[in-house]
Structures are given as C-alpha cells and as structure tokens.
Amino acid sequence: MGNAVSDQNLQLSYLKTRLNMFLEVLEALDPETAELEDIDRLIQMIDDLEMKYERFKKDWEKKSLSGFFSRLKKMYNESGEFKKLLHIEQRGRES
C-alpha cells in the first residue's frame, strides 16, 4: 500500500476518488452477466471505503479536540484566568 494520508483535505479527496471508482465499476457492471464474484468485489470496495472513512474520522476528531484544547489553553493563558482557576482548585483540595 501507499503512504498514510494525514492531511484532512487529502483524506477527503481520497474518499471522493474511491467513491467515484466504485460508481464507475458499478455503472460498468452488466446486470445480465454479473457473477457472484463481481458482487463480492463491490461489497469489498464499500467495506474498504467504510474502513478508511472510520480511520480518517478518528483523525479528524483527534485533531478537532486537540485544536480545541490548544485554543482553550491559549485563551486562558492570555487572560490569566487559567492560573486563577488552578489556584482556586488547589485551594479547594487543601481544604
């Protein structure tokens, strides 16, 4: 297999390309002459596409959460509120 795709735009492009490939294979399939192996191949293509989607989705969620926490931390650090919250929390634990 090729290299892992980590950029969200490239991942989306990959999924679109694979979906278009599936649609082309489906359109080229003659219902009168299709065999069980042809149907199995279509099912395998969909399974592969779903697996990639789930893997990319996890990447997107991870990046989204990471970005959210980075922005939150930056916001608190810039305003000094984060330090105040930590101080209040520590005082609460000491009580």
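Our structure is the block above this text.
Overview of the structure. Values in this document were obtained by computation on a predicted structure and should not be read as measured data.

### Here's the deal with the overall build of the protein chain
Phase 1: A tally of regular secondary structure across the protein chain gives three helices and zero strands.
Phase 2: Starting at the N terminus and walking to the C terminus, you meet the elements of the protein chain as α-α-α.
Phase 3: Buried positions account for 11% of the 95 residues belonging to the protein chain.
Phase 4: Total accessible area on the protein chain is roughly 8,300 Å²; 56% of this is exposed by carbon and sulfur atoms.

### Notes on the packing of aromatic side chains
Phase 1: Tallied over the entire structure, the rule returns one aromatic pair.
Phase 2: Judged by centre distance (5.9 Å) and plane angle (80°), the ring pair of Tyr-14 and Phe-56 falls under edge-to-face. With Tyr-14 in helix α1 (residues 8-28) and Phe-56 in helix α2 (residues 36-79), the pair connects residues that are 42 residues apart, well separated along the chain.

### A look at a negative patch on the surface
Phase 1: Among the surface-exposed residues, Asp-47, Glu-50, Glu-54 and Glu-61 lie close enough to one another that they form a single negatively charged patch.
Phase 2: By the element assignment, Glu-54 lies in helix α2.
Phase 3: Given the relative accessible area of 34%, Glu-54 is considered partly exposed.

### Points about α1
Phase 1: Relative to the 30 Å expected for 21 residues at 1.5 Å per residue, α1 spans 30 Å between its end C-alpha atoms, a close match to the ideal helical length.
Phase 2: Taken together, the buried positions of α1 are occupied by Gln-11, Leu-15 and Phe-22. Angular distribution of buried residues about the axis of α1 spans 40°; they occupy a single face of the element. Within α1, the exposed residues directed more than 90 degrees away from the buried face are Asn-9, Leu-10, Lys-16, Glu-24, Glu-27 and Ala-28.

### Side note on the side chain of Lys-52
Phase 1: Mapped onto the elements, Lys-52 comes out in helix α2.
Phase 2: There is no salt bridge for the buried Lys-52, and the closest opposite charge comes from Asp-59, which lies 8.6 Å off by N-O distance.
Phase 3: In contact with Lys-52, other than residues within four places in its own chain, are Tyr-14 and Leu-15.

So, how was this worked out
- Residues numbered from 1 in each chain as written.
- Predicted model: local features only at pLDDT ≥ 70, side-chain atom pairs only at ≥ 80, totals over all residues.
- Heavy atoms only, no water.
- Helix = DSSP H or I, 4+ residues; strand = E, 2+ residues; numbered from the N terminus.
- Buried < 20%, exposed > 50% of the residue type's maximum accessible area, 1.4 Å probe, protein only.
- Areas by Shrake-Rupley, 256 points an atom, 1.4 Å probe, with all protein chains shown as cover.
- Phe/Tyr/Trp six-rings, centres within 6.5 Å; stacked < 30°, edge-to-face > 60°.
- Patch = residues over 30% accessible without salt bridge, like charges linked within 9 Å, V, L, I, M, F, W, Y side chains within 5 Å.
- Salt bridge = Lys/Arg side-chain N within 4 Å of Asp/Glu carboxyl O.
- Lys, Arg positive; Asp, Glu negative; His and termini not counted.
- Charge placed at Lys NZ, Arg CZ, Asp CG, Glu CD.
- Expected span 1.5 Å × (residues − 1).
- Arc of directions from axis to C-beta.
- Contact = heavy atoms within 4.5 Å.

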